[in-house]
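Coordinate inspection notes
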Amino acid sequence: MKKKRERILALDGLRGYSALIVVAFHVLTWSPAFNAAHYEAFYENQLLEVLTVTPLKFFWAGNEAIVLFFMIGGMVITMPYINGKKFEYWRFIGRRFVTIIFPYLIAVTLTLIGSYYYRDLTQDVRLAGTFNTKWSRFPTTSELWNTYLLMDNHLNIIAGVFWSIIQEWRISFIIPIVGYWFSKEKNKKSMVIALLSWALVWAGLSYLMVVTKDTTFYPFVESFERTAYYSIYFMIGSALAVYYESLSGWVKSHKLVTWFLPLSIIIITNRWWLRLFGIMLGQRPALLIAAIGYVMLLISVIEIPDLHAFFSNRPAILLGNVSFGVYLTHTTMIILVVSFLGQVIEPVYALIVSTFLVIPTAFLFTRFVVAPCAKLARSLLFLKRPA
């Protein structure tokens, strides 16, 4: 990135719209018809097939949107180091804990309160299996401990979406080191070393999963294997920040920018349109391919003037500002609304109604939880710079 280009507003807007894609994914896959289309490749009608196996899937590709969140995170963490920011590891970790984990703990607690008091209502409402699992029972004592100790097992019965917050927090211990190293050692050797180190750790944890199968250690190993896997997307984002100028310069010199947007969406949705050719690609390989598409999308958003303007206008920035609130609260709010409204109207209609409350709920949570936590992080003595 160019010197002093520490923040790109369009990335905030892109993060906001990505949060809406995650919301769309949950709302749609909680309905039986879309759930069958997504998970079982069974299409109730031709429209559902078109929405699933064409690039239109981009607009409700929730798993892929998480990859974009992680990649943007890697970029945003690395850019200040490129511009000469001092490496203050523990200050970064402390601030990260307050801004990410404090809101997470509050959101989890509110969700558990809802589950405790209203899970009986939820059981009267039947949608797709991924919805019916939520609040199907109250977590056991050990599951509650796991939740508050930042383990991502058993979260499906609570809200599910919280898993990525836990993964992001763990990866926070790694990515500032990687980002700082990439920014200072701008060469292929550093990238190769980082990639080989990542592959070694991931392979080791994958092997431990096999060894510890059917033991009490397996959930722990499985959880950290996920951390190792998803850390690669932060690393890709970090590498993109370091090599952005040379990469985007090459793209512009070959006049490829205008082609990047449609090509990116095709690549991002690779797992879905490959079904048309009888290829059922697994989620993880498909997400690694999708990351290439997201690199192209990020370049498009930054370099194409109209696209940059769209993602950096006031509505997009406002959406970006509440995106963390959207992510933390939307599943809990939707479950509550559907549980109550589903008693008097068809659950699918209640699901549709609930979407209109996503942004207002996120706004309130941002104002009263996320923003105060960010303010607290800035004001804590151990986060202040020495005089």
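Here the structure is shown first, and the text comes after it.
Here goes a summary of the coordinates provided. Everything numeric in this text was worked out from a predicted model, so none of it was measured. (Residues numbered from 1 in each chain as written. Predicted model: local features only at pLDDT ≥ 70, side-chain atom pairs only at ≥ 80, totals over all residues. Heavy atoms only, no water.)

1. Describing the packing of aromatic side chains
- According to the stated counting rule, one finds 30 aromatic pairs in the structure shown.
- Ring centres 5.5 Å apart and planes at 85° place the aromatic pair tyrosine 81 and tyrosine 180 in the edge-to-face group. Of the two residues, tyrosine 81 is situated in helix α4 (residues 62–82) and tyrosine 180 in helix α9 (residues 175–184); the sequence distance between them amounts to 99 residues.
- Judged by relative accessible area, which is 29%, tyrosine 180 ranks as partly exposed.
- Measuring from ring centre to ring centre gives 5.0 Å for phenylalanine 310 and phenylalanine 311, while their planes differ by 85°; the resulting arrangement is edge-to-face.
- With relative accessibility at 39%, the residue phenylalanine 310 sits in the partly exposed group.
- The exposure class assigned to phenylalanine 311 is buried, which follows from its relative accessible area of 10%.
- Grouping aromatic residues by their ring pairs yields a cluster made of Phe70, Trp163, Trp198, Trp202, Tyr229, Tyr230, Tyr233 and Phe234.
- Of note, lysine 57 hangs over the ring of tryptophan 272, and the distance from its end group to the ring centre comes to 4.3 Å.
- When the ring centre of tyrosine 229 is taken as origin, the NZ or CZ atom of arginine 284, which lies over that ring, is 4.3 Å away. (Phe/Tyr/Trp six-rings, centres within 6.5 Å; stacked < 30°, edge-to-face > 60°. Helix = DSSP H or I, 4+ residues; strand = E, 2+ residues; numbered from the N terminus. Buried < 20%, exposed > 50% of the residue type's maximum accessible area, 1.4 Å probe, protein only. Lys NZ or Arg CZ within 6 Å of the ring centre and 35° of its normal.)

2. Examining unusual backbone geometry
- We note that tryptophan 135 has phi near 60°; this positive angle belongs to a residue other than glycine.
- Tracing the chain through its elements places tryptophan 135 in the loop between α6 (129–132) and α7 (141–148).
- Here tryptophan 135 falls in the buried class, since its relative accessible area comes to 0%.

3. Let's talk about the environment of lysine 85
- As for its placement among the helices and strands, lysine 85 is situated in the loop between α4 and α5 (89–123).
- On the accessibility criterion, lysine 85 (37% relative accessible area) is partly exposed.
- Taking the C-alpha atoms as reference points, lysine 85 and tyrosine 180, 95 residues apart in sequence, are found 9.1 Å from one another.

4. Re helix α8 (residues 163–171)
- By the criterion of burial, α8 is predominantly enclosed, with eight of the nine residues buried.
- Turning to α8, its buried residues are Ser164, Ile165, Ile166, Gln167, Glu168, Trp169, Arg170 and Ile171.
- Looking at the packing, one finds that the buried side of α8 touches α4, α5, α9, α11 (218–253) and α17 (323–341). (Contact = heavy atoms within 4.5 Å.)

5. A closer look at the pattern of salt bridges
- Scanning the model with the defined rule gives eight salt bridges in all.
- A salt bridge links aspartate 152 to arginine 226, with the shortest nitrogen-to-oxygen separation between them at 2.9 Å. One end of the pair, aspartate 152, is in the loop between α7 and α8; the other, arginine 226, is in helix α11, and 74 residues separate them in sequence.
- Look at aspartate 152 and you get buried, because its relative accessible area is 6%.
- With a relative accessible area of 17%, arginine 226 lands in the buried category.
- Lysine 252 serves as the salt-bridge partner of glutamate 303, at 3.3 Å between the closest nitrogen and oxygen. Placement of the pair is glutamate 303 in helix α14 (residues 283–303) and lysine 252 in helix α11, with a sequence separation of 51 residues.
- Taking the relative accessible area as the measure of exposure, lysine 252 reaches 42% and is therefore partly exposed.
- Linked by salt bridges that have partners in common, Asp152, Glu222 and Arg226 make up one network. (Salt bridge = Lys/Arg side-chain N within 4 Å of Asp/Glu carboxyl O.)

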